[in-house]
Amino acid sequence: MASKSHYETTDGNGGETHQRIGAKAPHDAGYLTTNQGIRVSDNQNSLKSGTRGPALLEDFVLREKIFHFDHERIPERIVHARGTAAHGYFELYDSLTDITKADLFQRPGAKVPVFTRFSTVAGGAGSVDTPRDVRGFAVKFYTQEGNWDLVGNNIPVFFIQDAIKFPDLIHAVKMEADRGYPQAGSAHDTFWDWASLMPETTHMLMWAMSDRAIPRSLRMMEGFGIHTFRLVNADGTSTFVKFHWKPKLGMQSTLWDEAMKLQAADNDYHRRDLHEAIESGAFPEWELGIQAFDQKFANSLPYDVLDATKIIPEEVLPVRLIGRMVLDRNVDNFFAETEQVAYCPANIVPGIDFTNDPLLQGRLFSYLDTQKSRLGTSNFHQLPINAPKCPVMNFQRDGQMQMIVPKGRASYEPNSLGDAGEETGPRECPVTGFTTFAHQAAKDEQGDKLRIRPELFADHYSQARLLFRSLTENERAHVASSFTFELSKVALAHVPPRIIGNLRNVDEDLAKRVAAGIGIPLPPKNPAAREPIDINPSPALSIQANMKETIAGRAIGILYADGSDAKAIKKLVDAVKKQGGRSVLVSPKVGGATLADGSHLKADGQLAGTPSQTVDAIAVILSSAGCKALLKEASAVQFVMDAFGHLKAIGHTPEAKPLLDKAGVEPDAGVTGLGDPFIAAAGKRFFDREPKVRTLA
Ligand code: HDE
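Just so it is clear, the model here is predicted, and its values are computed rather than measured. (Residues numbered from 1 in each chain as written. Predicted model: local features only at pLDDT ≥ 70, side-chain atom pairs only at ≥ 80, totals over all residues. Heavy atoms only, no water.)

1. Quick notes on the nonpolar core
Definition in use: As used in this record, nonpolar core signifies buried Ala, Val, Leu, Ile, Met, Phe, Trp, Tyr and Cys residues forming a set joined through side-chain atoms within 4.5 Å. For the exposure calls, accessible area comes from a 1.4 Å probe over protein chains only, and a residue counts as buried if that area is under 20% of its type's maximum, exposed if over 50%, partly exposed in between. Helix numbers and strand numbers start at the N terminus; a helix is a DSSP run of H or I with at least 4 residues, a strand a run of E with at least 2. Throughout, a contact is declared for two residues whenever any of their heavy atoms are within 4.5 Å.
Core analysis: the biggest nonpolar cluster contains 51 residues, and Phe-159, Trp-192, Met-206, Phe-483, Leu-503 and Leu-510 have the highest contact counts within it. When residues of this core are traced back to their parent elements, those giving at least two are α3 (166-173), α4 (189-196), α5 (202-208), α11 (462-470), α12 (473-488), α13 (495-506) and α14 (508-518). What Met-206 contacts, discounting residues up to four positions off in sequence, is Ala-464, Leu-467, Phe-468, Val-479, Phe-483, Leu-503, Val-506 and Leu-510.

2. Examining the domain arrangement of the chain
Filter applied, for reference: Here the limits of each domain have been adopted from an automatic or database domain assignment.
By domain assignment, the chain separates into domain 1 (1-72), domain 2 (83-163 + 212-382) and domain 3 (551-693). When each unit is reduced to the centre of its C-alpha atoms, the spacing between domain 1 and domain 2 is 43 Å.

3. Some details on the sheet that holds strand β11 (residues 555-560)
Our working definition: DSSP calls a pair of strands paired once it identifies at least 2 bridges connecting them. In this analysis an axis means a line fitted to C-alpha atoms, helices contributing only their contacting stretch, and an angle means the value between N-to-C directions, from 0 to 180 degrees.
Here six strands make up an open sheet; going across it, the order is β15-β12-β11-β16-β17-β18 and the pairing parallel. The open sheet has two edge strands, β15 (605-606) and β18 (671-672), and neither has a second partner. Strand direction decides the pairing type here: strand β17 (residues 650-652) and β18, joined by two bridges, are parallel. Residue pairing for β18: Gly-651 is matched across the bridge by Thr-672. Packing of helix α17 (residues 634-645) onto the sheet brings it into contact with β11, β12 (582-587), β16 (617-621), β17 and β18, and relative to β16 it is tilted by some 145 degrees.

4. Observations concerning the pairing of strand β8 (residues 285-293)
Most of β8 is tucked away: eight of the nine residues are buried. Pairing of strand β7 (residues 238-247) with β8 involves eight bridges; the strand directions are antiparallel. If you follow Lys-246 over to β8, its bridge partner there is Glu-287.

Here's what the structure looks like:
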């Protein structure tokens, strides 16, 4: 049979060549060739002079193979290096013709392909998935009018107000310059030193110290465009807009202890979770929402909508859901797609436009620069994952790795080559082409060249207070404990008092708890550049208050061993499936166990390698003898102890009780028998239990 080349363009020739040579492919996979298409006869041995002689320089097969291998790495992203991505589509609910002419927002039911990459910010490409960090949430919409990239995060505000501070922020948070650690974490001197000197970070710090920064799953995070953008309709009228992504599975986070233990249990926890969900057909879904408003509304707010450290609470301006994104296909190749995808906030389509947000303005040129440095050539847009799915026609030519072979002489414009019967190439179109919104600049939007910020940007604390006061009591304790944890890792003694001095502007109680948590006297309040004001709490900001009590999309760990009740296991597995959850069978041996009825059940995971932090609730289905044997297994005791400590539901057979006792499990609403009570409990976390298992700040 004909060998099939992995280069699509040479597919056709393969068959012919084989016929000419008259050789038979060794197996269906086809012939191994060099990059020049030369068939390789031996992929096991390099060319040598004699059996024990030196390797020969003329071995072009070896040389090419090693040469290519030597260059397999490209520079990782400076920030957001660790990420994972999937393909899918965006589907519009209602026409938005009244506020935007963007093609993707015109026809209800219209679908646009998307490629979405989630990431952590601080860690390198090989770091873990579950540090305390912001998550990137970048969506490339391949629309009929070109690519629109909505490059956002899972937190609605940012650390800084002006792009000029970004390199400082990143240098401070990344591993320290002299020692190369810590990797992927903000709990160290330089980050907190910098943050303590930058009061504008305070609101974002509150988010970063909240449960938002330790998500349970990428599928259970909100996403935000953060900046105020514009939508522009066919009449040229502009409406301000903020973009939101709302996960269909609801929001959910881990506990800090759980997140830390996940780093040991599974470095790839989020990446695996996303991949497996899509592979199993449980396609993750988000709704896209907008907060649309005009200049008059913007003027009525006590903060500036061009300030990326501010939100507009949903209670003040509701989020209108306009469509949904479904991720339904994993990548075929991680490097070609996830690594080489190049997002850029400057990629917008007619009907969407920028504002003067000074952070957004800086981003508009940063991303193009970074892609050139990362992907090596100005032709990175031709890579399949970056290429628009609509015609691309212009007179840009050449450059490294040019993949396109333009025909004819028309590489300039205007030209009159048409008069000679030659191709003339494309022309601009003032009607359908992108036109920048002709914003009538207000008094403070023009004038002398200044390095200055608008006055309202100086309010660094009101919205930090708003977030803190919108959280549940348990979530507030998590925020106080996170500050305590992070500042406990700071060796520069003068830094924590400065942070706490800033926190006193946010909330006195929070500041006191953090000072007590790290064991220092309450420092004096730092003067605020602008006195904070009280804003009504926004219940929409709390995860716990908005969590969906469901096991859909969640994993239930079932611990069993020799002698366990086969019927009880089957009943539970069926019930979990019916609710849209996933059972993870855990047994001391991965080969499984022999159940009471003599049947054998293979496990999904071995007990020591599948700790309970990898699942959302556990059921312990053991016989008396099985339980007795596991009492001597630290991993079994830990399995139950951690589930209790991580506030998860624990269902169990009466015979498993000694194991629960040894693990320190105390009775509460989350500790149940099997059957319906367990199914009802498994979709919840029992936050009331927390004071029993750890001291929070
Ligand atoms: Fe980025 N950011 N950023 N950023 N950012 C990058 O571009 C930058 C900012 C965000 O999955 C880089 O391709 C500057 C805010 C995401 O590939 C780089 C500033 C937000 C991703 C860059 C910001 C983001 C990036 C690094 C301050 C949320 C990953 C590699 C003005 C709205 C996209 C790359 C992916 C990536 C620069 C601030 C989100 C260096 C200069 C605010 C999700 O160009």
